[in-house]
Amino acid sequence: MTQTLDVVFLGPPGAGKGTQASGFAECHGVPHVSTGDLFREHLKNETPVGLMAKEFMDRGGLVPDDVVCQMVRERLEESDADRGAVLDGFPRTVPQAEVLAGDLERMERALRAVVHFSIQDQLLVERLAGRLTCRGCGAVFHRKSNPPRVEGICDPCGGDLYTRDDDGEETVRSRLQTYRDATAPLLGWYEKQGLICEIDADRSIDAVRTALEKAVEGR
Ligand code: AP5
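Residues numbered from 1 in each chain as written. Predicted model: local features only at pLDDT ≥ 70, side-chain atom pairs only at ≥ 80, totals over all residues. Heavy atoms only, no water.

Thoughts on unusual backbone geometry
Next, step 1: The linkage connecting Phe-90 with the following residue, Pro-91, adopts the cis geometry, with an omega of -5°.
Next, step 2: On the secondary structure map, Pro-91 appears in the loop between β3 (84-88) and α5 (94-106).
Next, step 3: With phi around 55°, Glu-46 is a residue other than glycine that occupies positive phi space.
Next, step 4: Its location among the elements puts Glu-46 in the loop between α2 (35-44) and α3 (48-59).
Next, step 5: Here Glu-46 falls in the exposed class, since its relative accessible area comes to 60%.
Next, step 6: Backbone geometry places Glu-108, a non-glycine residue, at a positive phi of 55°.
Next, step 7: In this structure, Glu-108 sits in the loop between α5 and β4 (113-118). (Helix = DSSP H or I, 4+ residues; strand = E, 2+ residues; numbered from the N terminus. Buried < 20%, exposed > 50% of the residue type's maximum accessible area, 1.4 Å probe, protein only.)

Dropping the structure here:
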């Protein structure tokens, strides 16, 4: 078995997975693999995968497992993921988790940890309602809790900030329900394998970051 840093960030929409994943991945020298970002990139390029995914994303549902799993498999086979990857928003169903386990096993790898971002629903709604995302690099801000230095402009790359189509109230409600129905069962599944690290995500970005490092350290 090769010793890699393959970590899953699991939690409801708006819990802060993406905010933490990019810095954590950079610091540990592995790529940040966000299935949501990959679909948005496909959509920007108007690929068949992107156009198909849009239908599910707009409704707050899940893109079919086989499409997501194939996309992640190809991403993990890229050379920058040789030492591991931070999987943000994947897997989201037990069948996806089973496919991931098989793919990693074939690559003689295994998950190091599954970090669960735990947070109350009310905070999620506030976080998503104020979220701003960069069209260029995908960096994430918040109007109140994490504003950009210059309004409407991304700090790292100078790109335009926008509100995601799926951050409207109705779609957010449906994304939360999808999380409860399809993704929350993964907690018990991974718990049985001793992989879950709990993080209280209802703290400042810096405090969550510190807790994250501690949780993964020594695993
Ligand atoms: P995706 O893009 O993955 O969305 P998500 O999982 O719903 O997660 P979010 O990106 O909304 O939230 P986050 O936890 O990353 O929070 P963030 O850091 O941005 O997926 C989109 C869609 O793609 C899905 O609905 C589905 O249709 C499809 N899809 C994706 N993966 C799939 C899969 N595996 N299978 C099938 N379909 C799939 O933070 C949110 C806000 O809070 C920001 O404004 C941020 O600044 C702020 N914030 C973050 N941390 C803090 C903090 N500690 N304190 C205060 N504010 C904070």
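What about the sheet that holds strand β6 (residues 140-142)?
Next, step 1: The strand order β6-β5-β7 describes an open sheet built from 3 strands, whose pairing is antiparallel. In this open sheet, the two edge strands, each paired with only one partner strand, are β6 and β7 (161-162).
Next, step 2: Pairing of strand β5 (residues 131-134) with β7, which is carried by 2 bridges, proceeds in the antiparallel orientation. Looking at the pairing, Thr-133 lines up with Tyr-162 of β7. (Pairing = 2+ DSSP bridges.)

Quick notes on the nonpolar core
Next, step 1: Membership of the largest hydrophobic core comes to 27 residues, with the highest contact counts inside it found for Leu-100, Leu-111, Val-114 and Tyr-190.
Next, step 2: Elements that contribute at least two residues to this core include exactly β1 (5-10), α3, α4 (65-76), β3, α5 and α8 (185-191).
Next, step 3: The dominant element in this core, judged by the number of residues it contributes, is α4, at 5 residues.
Next, step 4: Val-114 has contacts with Val-8, Leu-10, Tyr-190, Leu-195, Ile-196 and Cys-197, leaving out every residue within four places of it along the chain.
Next, step 5: Core analysis: the second largest hydrophobic core is formed by 25 residues, Leu-5, Val-30, Val-86 and Val-216 among them. (Core = buried A, V, L, I, M, F, W, Y, C linked by side-chain atoms within 4.5 Å. Contact = heavy atoms within 4.5 Å.)

Examining the packing of α4 against α5
Next, step 1: At a minimum axis distance of 10 Å, the contact between α4 and α5 shows a crossing angle of 25°. It follows that α4 is roughly parallel to α5 by the angle criterion. For the crossing formed where α4 meets α5, the hand is right-handed. Residues Asp-65, Val-68, Cys-69, Arg-73 and Leu-76 of α4 pack against Pro-95, Gln-96, Val-99, Leu-100, Asp-103, Leu-104 and Arg-106 of α5.
Next, step 2: Split by residue class, the contact of α4 with α5 holds 7 nonpolar, 1 polar and 4 charged. (Axes fitted to C-alpha atoms, helices over the stretch in contact; angles between N-to-C directions. Parallel < 35°, antiparallel > 145°, perpendicular 65-115°, else oblique. Left-handed = near helix turned anticlockwise from the far one by under 90°. Nonpolar A, V, L, I, M, F, W, Y, C, P; charged D, E, K, R; others polar.)

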